[in-house]
Amino acid sequence: MEKATLQELLESRLKDIFSIEIAEASPQELFLALANVVKSCYANDWSQTRKNLLVEQQKQAYYFSIEFLPGKLLKSNLLNLGLLDTAEELFEELSFSLDEVAEVEKDMALGNGGLGRLASCFMDSLASLGLPGNGNGIRYNYGLFKQKFVDGHQVELPDDWLRAGNVWEVRKESKAVDIQYGGEVYLIEDENGRLRPERHGGYVWRAVPYDTGMVGYQNDMINTLRLWSVEVPAAEEANYATIESRRSLEDLTAVLYPDDSNERGKKTRLMQEYFFVSAGIQSIVRYYLKLNHPLTMMSEKIAIHINDTHPALCVSELMRLLLDDHDLPWEQAWAITVKVMSYTNHTIMAEALEKWPIDLFKEVIPRNYQIIEEIDRRYLEEYAEVHEAALLNRTRIIIDGQVHMAHLAIIGSHSVNGVAKLHSDLLKSVVLHDFYLIFPERFNNKTNGIAQRRWMQLANQPLSKVLDTTIGKSWRHNPQDLQLLKNYQEDPTVLQRLADAKLTNKQALAEYIQQTTGIEVDPTAIFDVQIKRLHAYKRQLLNVMHILKLYFDLKDDPQAPIHPRVFIFGAKAAPSYHYAKAIIKVINEVANLINHDPTINDKLKVVFLENYNVTLAERIIPAADVSEQISLASKEASGTSNMKLMLNGAVTIATLDGANIEIRDAIGDENIAIFGLTEEEVYAYYAQQNYSAYAFYEEDPVLQRVVNAFIDGTIPNIEREGREVFDSLLKYNDEYFLLKDFKSYCDAQYRVDLAYKDQQRWQAISLMNIANAGKFSADYTVQNYADDIWQIEPLYAHVKEPNSASLT
């Protein structure tokens, strides 16, 4: 589109919506007008994509996830439509800033962290590869929460992201479906001797879809992210006349992950999971029936993916529809279901594998419970002749009064994958070993990837421009072409241009930090970044312990040869996760201590930025020098911040955990700082049960001083939290082996400090990280899912061939 045409469309929208000229428009008005122009630019392609799918009847994948974390869509859609440069030039000519206009947009607050961001990266890649794949989730009114720090404590405020509406979504009232909850279900024999369910009581809520176009990268392909909102069915309005009667209904899509530490919260979470699963499965079956194929062929046209355990009810819900609504025999319905379903496991942590009490299940979704009981019974019966009873009893779905959702997903799927090589190996050898013995053919690995269009082309334009002028623009379509940068690892001119781009980003982040926190940081300092969910296994506390060591080193010797560092944290803790919230308080008080100590001479600064989300990540990641990936080996399934930071030239300090291993393999030991226990050593401690945190504490005076700081008054205002941390390390024997890994971590940090002082060497290491980041593109990950699990192919008939489809 020509610049003049874009201006005409913008002027027209401003007049239509606000009756104003461009010169009078506020950033908010310009955003809404431009967003409507963008929507109109892809409206025909969106409609055509849907028509083509019906005509071609190609197989489609449906990605069910309780989280999606798309971030802001204006600049992403402009980029994918090939309009970003045009829009930037136009706004500059009009004396406006496109960045200022884009800043108005609210992040779609539909996720917490890596799980939701991965789902959104996959949506971007599916469309950009021309693959027919759609998202299915919940339209939360308030998302997770808006994080504020009050006296160093995390306070959760409602994230009212929908207050001004969502310009990108389209309400599809005609596609609404009813969701049944509660009541009693009796199996009644019909005249043919077949048992049929008969429901008595219960209630019905309405699921209304809101669709958002997922725009492919310059290929005219527009997939759909469908998010469901709850409403009262028209026939039931009289039953919801009071505020109290509406409360439980409104709670359903109010927030992501309602507090499940009480019975009401548990019930709401189970109802949430059934809500978006039932709505999505009903919608898919309705679409499939339009194709006029027998239900027995469903797996040839439909692939349903269960992203973590939250949508595991897809298995029982598809069975319910096939059995109850379409009269299929059990054996046929089960064969269809297993062929259609696939499951990604995202965790090694046993507590993250969901389980629900039977009584709650029966109360909320009684018919699904009956079906799960029968799946369980038939599973035991089918495999009784080939596997011992003890193995089957450990892997059945209903155990000790609880329904195990991961077991349901595995038994009801044809594919089970992990998200990094180590993670997938641990699933087979440890976490899901029993299932691997029964279903070895189902297990496979799909290492996670990231949408490099967003995390480089959008988030880091200074670096993108350096790459364009150094290696050409083919990397924008084929991320593997980043490897061309290796030809310049000894070119001082290119290394300096990379350094200049990094400094530009650091200056921008320093300005943001000063504006939002009042803390002044030096852009020439090392920017050391840890951004991820706050969880004990991710070991933000280990990072804090090293910061305290450096602080004590400088207190003892203000001239200690430590290059200035800015430690930057971004993380939210789950509202009910008290230990994680204690660590947040500790980090903030350590920051207050160090940032206000004049004897440190600004050699150390600690910054904890509030309300970490996609937009904040886009500010931090391009400015990072050091990427902290320090989880205890064997605990992180994959990680994706490691890939984003690597892509942007940060140097990784890491344990051999998750995808860190594959990053190390890609860039070589000399370009990453590895430390700490290996997975084998961690499991050896578990097996021998001989780990003694106190022994490490007793033997190391440096470690003693650091650990004692949590309780000896060194850090003010943490009497309760400091004691909680101290006890976790010594009284409760340091569950995540921080004391064991502390010295190794400090040694690795020292190596990082030395490397940074040799700037030419540092820039060469940074270059090698960027050059090898292409293999971690979500495009390759999604292509592997498409080929190996979903068996979907690009929609070539009426769509231009995707630019990034050559995935060799």
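Residues numbered from 1 in each chain as written. Predicted model: local features only at pLDDT ≥ 70, side-chain atom pairs only at ≥ 80, totals over all residues. Heavy atoms only, no water.

As recorded in an unreviewed UniProt entry, the chain goes by Alpha-1,4 glucan phosphorylase and comes from Enterococcus gallinarum. According to the UniProt record, the Sequence similarities (unreviewed entry) comment for the chain reads "Belongs to the glycogen phosphorylase family." According to its UniProt record, the chain has this under Cofactor (unreviewed entry): "pyridoxal 5'-phosphate". (UniProt positions renumbered as here; feature names shortened; annotations may be inferred.)

UniProt annotation of "modified residue: N6-(pyridoxal phosphate)lysine" (unreviewed entry) refers to Lys-644 when read in the numbering used here. Looking at the element boundaries, Lys-644 is found in helix H23 (residues 641-647). Here Lys-644 falls in the buried class, since its relative accessible area comes to 8%. Contact partners of Lys-644, with chain neighbours within four places excluded, come to Arg-117, Ile-450, Trp-455 and Ile-621. (Helix = DSSP H or I, 4+ residues; strand = E, 2+ residues; numbered from the N terminus. Buried < 20%, exposed > 50% of the residue type's maximum accessible area, 1.4 Å probe, protein only. Contact = heavy atoms within 4.5 Å.)

Okay, the pattern of salt bridges next. Within the structure shown, the criterion is met by 50 salt bridges. Overlapping salt bridges bring together Glu-331, Glu-374, Arg-377, Arg-378 and Glu-381 as one network. (Salt bridge = Lys/Arg side-chain N within 4 Å of Asp/Glu carboxyl O.)

Below, the discussion takes up the environment of Tyr-274. Here Tyr-274 shows up in helix H8 (residues 263-290). Taking the C-alpha atoms as reference points, Tyr-274 and Ile-179, separated by 95 residues in sequence, lie 8.5 Å from one another.

Our focus in this paragraph is the pairing of strand E12 (residues 341-344). Regular strands place their side chains on alternate faces of the sheet. Side chains of E12 alternate between two faces, with Met-341 and Tyr-343 and Ser-342 and Thr-344 buried alike. Sheet topology places strand E11 (residues 302-307) next to E12; four bridges connect them, and they run parallel. Within the sheet, the bridge partner assigned to Asn-307 lies in E12 and is Thr-344. Pairing between E12 and strand E16 (residues 416-418): two bridges, direction parallel. Residue pairing across strands places Tyr-343 opposite Val-416, the latter belonging to E16. (Pairing = 2+ DSSP bridges.)

With that out of the way, let us pick up the packing of aromatic side chains. How two aromatic rings sit relative to each other is given by the distance of their centres and the angle of their planes. Following the criterion strictly, the structure yields 27 aromatic pairs and no others. One aromatic cluster is present, built from ring pairs that chain together Tyr-683, Tyr-685, Tyr-686, Tyr-691, Phe-696 and Phe-737. A cation sits over an aromatic face here: Arg-442 above Phe-439, 3.8 Å from the ring centre. Over the aromatic face of Phe-145 sits the side chain of Lys-572, whose NZ or CZ is 5.1 Å from the ring centroid. (Phe/Tyr/Trp six-rings, centres within 6.5 Å; stacked < 30°, edge-to-face > 60°. Lys NZ or Arg CZ within 6 Å of the ring centre and 35° of its normal.)

Taken together, the side chains of Val-150, Val-155 and Leu-157 present a nonpolar region at the surface, about 210 Å² in accessible area. Along the polypeptide, Val-155 turns up in strand E4 (residues 153-157). On the basis of relative accessibility, which here comes to 30%, the residue Val-155 falls in the partly exposed class. (Patch = residues over 30% accessible without salt bridge, like charges linked within 9 Å, V, L, I, M, F, W, Y side chains within 5 Å. Areas by Shrake-Rupley, 256 points an atom, 1.4 Å probe, with all protein chains shown as cover.)

Moving on to the sheet that holds strand E14 (residues 398-399). Pairing between sheet strands relies on hydrogen bonds along the backbone, with the strands arranged either parallel or antiparallel. Pairing is antiparallel across the open sheet formed by three strands, whose spatial order is E13-E15-E14. Both edges of this open sheet fall to strand E13 (355-357) and E14, since each of them pairs with a single strand only. Pairing between E13 and strand E15 (residues 402-404): three bridges, direction antiparallel. Residue pairing for E15: Pro-357 is matched across the bridge by Gln-402.

Here we take up unusual backbone geometry. We note that Asp-220 has phi near 70°; this positive angle belongs to a residue other than glycine. Topologically, Asp-220 is positioned in the loop between strand E9 (203-215) and strand E10 (222-231). For Arg-539, which is not glycine, the phi dihedral falls at a positive 60°. By secondary structure assignment, the location of Arg-539 is in the loop between strand E18 (526-531) and helix H20 (540-556).

Moving on: the packing of helix H9 (residues 314-325) against helix H12 (residues 366-383). When two helices pack together, their arrangement is given by the angle between the helix axes and by the axis-to-axis distance. Contact pair H9 / H12: the axes reach a minimum separation of 9 Å and the direction vectors enclose 100°. Of the possible angle classes, the one that applies to H9 and H12 is roughly perpendicular. Contacts between H9 and H12 pair Val-315, Ser-316, Glu-317, Met-319, Arg-320, Leu-323 and Asp-324 from the former with Arg-367, Asn-368, Ile-371, Ile-372 and Ile-375 from the latter. Among the residues making up the contact of H9 with H12, the classes are represented as six nonpolar, two polar and four charged. (Axes fitted to C-alpha atoms, helices over the stretch in contact; angles between N-to-C directions. Parallel < 35°, antiparallel > 145°, perpendicular 65-115°, else oblique. Nonpolar A, V, L, I, M, F, W, Y, C, P; charged D, E, K, R; others polar.)

Moving on, we come to the domain arrangement of the chain. Examined at the domain level, the chain breaks down into domain 1 (61-448) and domain 2 (455-786). If you average the C-alpha positions of domain 1 and of domain 2, the two centres end up 32 Å apart. Contact with domain 1, which involves 52 residues of that partner, is made by 54 residues of domain 2. Taken as a group, Gln-147, Phe-149 and Leu-422 account for 14% of the area that domain 1 buries against domain 2, more than any other trio of residues on that side. Run the count over domain 1 and domain 2 and you get four salt bridges. Lys-585 serves as the salt-bridge partner of Asp-151, at 3.9 Å between the closest nitrogen and oxygen. Linking domain 1 to domain 2 there are 21 residue pairs in polar contact (both at pLDDT 80 or more). (Domains from an automatic or database assignment. Buried area = accessible area lost by both parts, 1.4 Å probe. Polar contact = N/O pair within 3.5 Å; in protein donor to acceptor, adjacent residues only side chain to side chain.)

It is at 9 Å that the axes of helix H7 (residues 243-252) and H8 come closest, and there the two elements cross at 60°. In terms of orientation, H7 lies oblique with respect to H8. H8 is crossed by H7, and the crossing has right-handed handedness. Along its contact with H7, which presents Arg-247, Ser-248, Asp-251 and Leu-252, the element H8 presents Arg-264, Thr-268, Met-271, Gln-272 and Phe-275. Looking at side-chain class alone, the contact of H7 with H8 contains three nonpolar, three polar and three charged residues. (Left-handed = near helix turned anticlockwise from the far one by under 90°.)

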